[in-house]
Amino acid sequence: MPLAFDEYTFFRAYWDNPQTREFLKELVPNWINGFVQEGKTMDEAAFHDFLIDHPLIKYPYITNGEITMEQVEALVEKCKGLTFNP
């Protein structure tokens, strides 16, 4: 059963969706680039499972403030109506 994206959806679900991935690349490019090996693109980021298996609501802390709670809320609103399969 498909679930709606919200602030409790894990980063991994946002990252695995091509539409929402683009939003993340705009919001936290510095944080994502910290997981990109030299010569690779942002889409090839090699994340640690521990970090991306957290709900988006924690990302103001995980990204050291690169994304704010207001931006998380705006992203959730932008993704309203989109679904994913866990």
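Placed above this text is the structure.
Treat the numbers as computed from the prediction; the structure is a model and nothing was measured.

1. So, helix H6 (residues 69–78)
Then step 1. All buried positions along H6 are accounted for by Val72, Leu75 and Val76. All buried residues of H6 lie within an arc of 100 degrees about the axis, which places them on one face of the element. Every exposed residue of H6 that faces more than 90 degrees away from the buried side is listed here: Glu70, Glu73 and Glu77.
Then step 2. Among the structural elements, helix H1 (11–16), helix H2 (18–27) and helix H5 (59–62) are those in contact with the buried residues of H6.

2. Examining H2
Then step 1. All of the buried residues along H2 are Thr20, Arg21, Phe23, Leu24 and Lys25.
Then step 2. Check the buried side of H2 and you find it contacts H1, helix H3 (29–33) and H6.
Then step 3. Near the N-terminus of H2, the side chain that reaches the backbone nitrogen of Gln19, with its oxygen 2.8 Å away, is that of Asn17.

3. Re unusual backbone geometry
Then step 1. Of note in this structure, Asn64 is not a glycine but carries a positive phi near 55 degrees.
Then step 2. Position of Asn64 relative to the elements: it lies in the loop between H5 and H6.

4. Concerning the pattern of salt bridges
Then step 1. A full pass over the atoms with the stated rule returns 6 salt bridges.
Then step 2. A salt bridge links Arg12 to Asp53; its shortest N-O distance comes to 2.7 Å. Within this pair, whereas Arg12 is found in helix H1, its partner Asp53 is found in the loop between helix H4 (49–52) and H5, the two being separated by 41 residues in sequence.
Then step 3. Residue Arg12 is classed as partly exposed on the basis of its relative accessible area, which comes to 28%.
Then step 4. Judged by relative accessible area, Asp53 falls into the partly exposed class, the value being 31%.
Then step 5. The salt bridge involving Asp43 is made with Lys25; its shortest N-O contact spans 3.0 Å. Pair noted here: Asp43 is in the loop between H3 and H4 and Lys25 is in helix H2, with a separation of 18 residues, a long-range link.
Then step 6. What makes Asp43 partly exposed here is its relative accessible area of 36%.
Then step 7. Through salt bridges with shared partners, a single ionic network connects Arg21, Glu22, Lys25 and Asp43.

Rules and cut-offs
Residues numbered from 1 in each chain as written. Predicted model: local features only at pLDDT ≥ 70, side-chain atom pairs only at ≥ 80, totals over all residues. Heavy atoms only, no water. Buried < 20%, exposed > 50% of the residue type's maximum accessible area, 1.4 Å probe, protein only. Helix = DSSP H or I, 4+ residues; strand = E, 2+ residues; numbered from the N terminus. Arc of directions from axis to C-beta. Contact = heavy atoms within 4.5 Å. Polar contact = N/O pair within 3.5 Å; in protein donor to acceptor, adjacent residues only side chain to side chain. Salt bridge = Lys/Arg side-chain N within 4 Å of Asp/Glu carboxyl O.

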